[in-house]
Amino acid sequence: MADVTPQADAPTPTTDKITQAARETIYLCNFRVSVDGEWLCLRELNDISLTPDPEPAHEDPKDPIAIERLNLMNMAKLSIKGLIESALNLGRTLDSDYAPLQQFFVVMEHCLKHGLKSKDKTFLGQNKSFWGALELVEKLTPEAGEITASVKDLPGLKTPLGRGRAWLRLALMQKKLSDYMKTIINRKDLLSEFYEANALMMEEEGAVIAGLLVGLNVIDANLCMKGEDLDSQVGVIDFSMYLKDGGHSSKTVEGDGQITAILDQKNYVEELNRHLSASVNNLQAKVDTMEKSNTKLTEELAVANNRIITLQEDVERVKEESSYQSSRKASRSGDGLADGQVLGEARKQLKEETLLRLDVEKELEVQIGMKQEMELSMKMLETDMCEKQDALVELRQQLDDLRTLNLQLAQKSQSSEVSAKQKSEVISRLEEKTNQMAGTIKQLEIRALKCTTLHTTQGSKA
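Residues numbered from 1 in each chain as written. Predicted model: local features only at pLDDT ≥ 70, side-chain atom pairs only at ≥ 80, totals over all residues. Heavy atoms only, no water.

An unreviewed UniProt entry annotates the chain as RUN and FYVE domain containing 3 of Oncorhynchus kisutch. Recorded in UniProt for the chain, the comment headed Subcellular location (unreviewed entry) runs: "Endomembrane system". (UniProt positions renumbered as here; feature names shortened; annotations may be inferred.)

Student: What exactly am I supposed to notice about unusual backbone geometry here?
Tutor: Located in the positive-phi region is Lys 175, a residue other than glycine, with phi close to 60°. Locating Lys 175 in the fold gives a position in the loop between helix 6 (160–173) and helix 7 (177–185). (Helix = DSSP H or I, 4+ residues; strand = E, 2+ residues; numbered from the N terminus.)

Student: Looking at this model, I keep getting lost on the packing of helix 3 (residues 99–113) against helix 6. Mind explaining?
Tutor: Between two packed helices, both the angle of their axes relative to each other and the distance between the axes serve to describe the pair. Viewed as axis vectors pointing N to C, helix 3 and helix 6 meet at an angle of 125°, and their least axial separation amounts to 11 Å. The pairing of helix 3 with helix 6 is recorded here as oblique in orientation. Crossing angle aside, the handedness with which helix 3 passes helix 6 is right-handed. Side by side, helix 3 and helix 6 meet where Leu 101, Phe 104, Phe 105, Met 108, Glu 109, Leu 112 and Lys 113 of the first sit next to Leu 161, Arg 165, Leu 168, Arg 169 and Leu 172 of the second. (Axes fitted to C-alpha atoms, helices over the stretch in contact; angles between N-to-C directions. Parallel < 35°, antiparallel > 145°, perpendicular 65-115°, else oblique. Left-handed = near helix turned anticlockwise from the far one by under 90°. Contact = heavy atoms within 4.5 Å.)

Student: Explain the pattern of salt bridges to me, please; I cannot follow it from the model alone.
Tutor: Where charged atoms from two side chains of opposite charge come close, those side chains can pair. Counted according to the given criterion, the structure contains eleven salt bridges. Residue Glu 109 is joined to Lys 113 by a salt bridge in which the shortest nitrogen-to-oxygen separation is 3.1 Å. On the criterion of helical spacing, the pair formed by Glu 109 and Lys 113 is a turn pair, its members being four residues apart in helix 3. The class of Glu 109 is buried, set by a relative accessible area of 6%. (Salt bridge = Lys/Arg side-chain N within 4 Å of Asp/Glu carboxyl O. Buried < 20%, exposed > 50% of the residue type's maximum accessible area, 1.4 Å probe, protein only.)

Student: How do you make sense of the side chain of Arg 169 when you look at a structure like this?
Tutor: As for its position among the elements, Arg 169 is in helix 6. When residues no more than four places from it in sequence are discounted, the contact partners of Arg 169 are Phe 105, Leu 223, Met 225, Glu 228, Leu 230 and Gln 233.

Student: Quick question: what am I supposed to make of helix 7 here?
Tutor: Quick reminder: α-helices carry 3.6 residues per turn. Residues three or four places apart thus point the same way. Along helix 7, the residues that are buried comprise Leu 177, Ser 178, Tyr 180, Met 181, Ile 184 and Ile 185. Mapping the buried residues of helix 7 onto a view down its axis gives an arc of 165°, with all of them on the same face. The inward-facing, buried residues of helix 7 abut helix 3, helix 4 (131–140), helix 5 (145–153), helix 6, helix 8 (188–191) and helix 9 (204–212). (Arc of directions from axis to C-beta.)

Student: Looking at this model, I keep getting lost on helix 3. Mind explaining?
Tutor: An ideal rise of 1.5 Å per residue puts 21 Å on 15 residues; helix 3 measures up with 21 Å between its terminal C-alpha atoms. Within helix 3, twelve of the 15 residues are buried, which leaves it mostly tucked inside the rest of the structure. Packed against the buried residues of helix 3 are helix 2 (64–90), helix 4, helix 6, helix 7 and helix 9. Where helix 3 ends, the next residue or the one after it, Gly 115, has phi of about 75°, a positive value. (Expected span 1.5 Å × (residues − 1).)

In structure tokens, the structure reads:
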């Protein structure tokens with residue numbers, strides 16, 4: 001879609017950032033995702049050491065793009081591991097409604113979108129799709145042409161994003177997803193046309209994910225894509241699938257850290273929603289301005305039409321007068337010449353007014369097109385806001401789950417303290433009884449010693 005933004009209302013850098021944020025996936029650049037046993041940990045960078053990790057030893061740990069890649073790689077590890085384990089436990093062919101499989105496709109979509117270059121621009125900013133990169137597989141591996149042809153023949157797919165999602169599902173069913181991903185990752189010279197230099201597909205994290213996908217070959221999936229709306233699906237990662245109850249009071253501190261991380265994430269989404277609301281308000285103001293401008297142009301067009309009608313009437317009147325004057329004799333030829341000059345001037349003025357009318361109509365069409373595009377962009381912004389609100393609801397649900405877990409751990413800890421206190425009291429009472437028995441034994445020993453002495457004395461006297 002061509003960029004039809006008016007020159008007078010050129011987008012400012014702040015607006016560009018807001019609209020870009022509205023279309024991009026939310027990457028938690030201020031957090032580091034790590035896998036601690038079976039826990040998914042979101043730790044704020046200010047609260048952890050910034051020493052380089054063993055894997056990306058050559059990268060700056062403060063680089064937000066590197067953190068995005070690491071987060072996506074860890075999420076892919078968790079998603080693939082959880083999908084394989086749950087599928088093996090399930091023991092049957094997976095379908096489209098299987099939740100871990102849906103989450104796997106969401107994570108893969110985020111990985112493929114990371115660092116994409118923007119070739120098309122709309123009123124909202126940039127339109128990104130990873131379908132172009134997936135089409136490279138057909139050129140590098142001829143046997144992948146069957147998948148590409150099947151995707152293009154699927155009815156109901158209208159967007160490149162929907163075709164990319166269908167391609168991922170077909171490749172998984174063929175158990176060729178890992179092979180195809182390795183094929184395109186090894187050709188970074190071709191991928192550079194679609195991805196930035198620091199994108200996940202261009203770095204070693206992409207190769208790691210491609211290697212992890214080999215494990216999915218043990219899974220059997222039968223996915224029916226007819227009737228499924230792949231164009232407008234909302235891809236939100238459900239973190240609750242990777243949070244598990246440890247069952248020990250020693251993890252109370254980790255639960256508090258998780259609550260803090262979720263709260264920070266919730267605040268980030270709320271702040272993004274505020275930015276989106278401000279952007280919607282700005283767009284609404286622009287729409288109002290365009291409507292006023294359209295009204296003004298309509299009035300000017302009506303005035304121009306009236307002037308054209310008036311000029312046409314004048315031309316008709318002059319023609320009538322000219323025909324009347326032409327019937328006169330040669331003595332009135334001087335007057336006929338003057339009328340001819342008036343007629344020429346009238347025709348010239350009519351031509352100018354006609355050109356002016358055409359220009360006004362063209363400008364009106366341009367303004368109407370801009371208004372329609374602005375309305376479309378407002379609808380897309382509202383859709384993005386709804387998606388972010390859904391994500392916020394999920395984050396709040398996760399926060400409630402973590403609070404419940406923390407409360408259970410606190411109750412277990414409290415009950416343990418009460419039990420320990422009771423045992424301490426019992427031990428104290430037993431020690432008191434032991435001391436009393438020791439005193440009684442000493443008294444009995446003294447009495448026995450006295451009795452023995454008495455008997456000995458009496459025996460010696462006898």
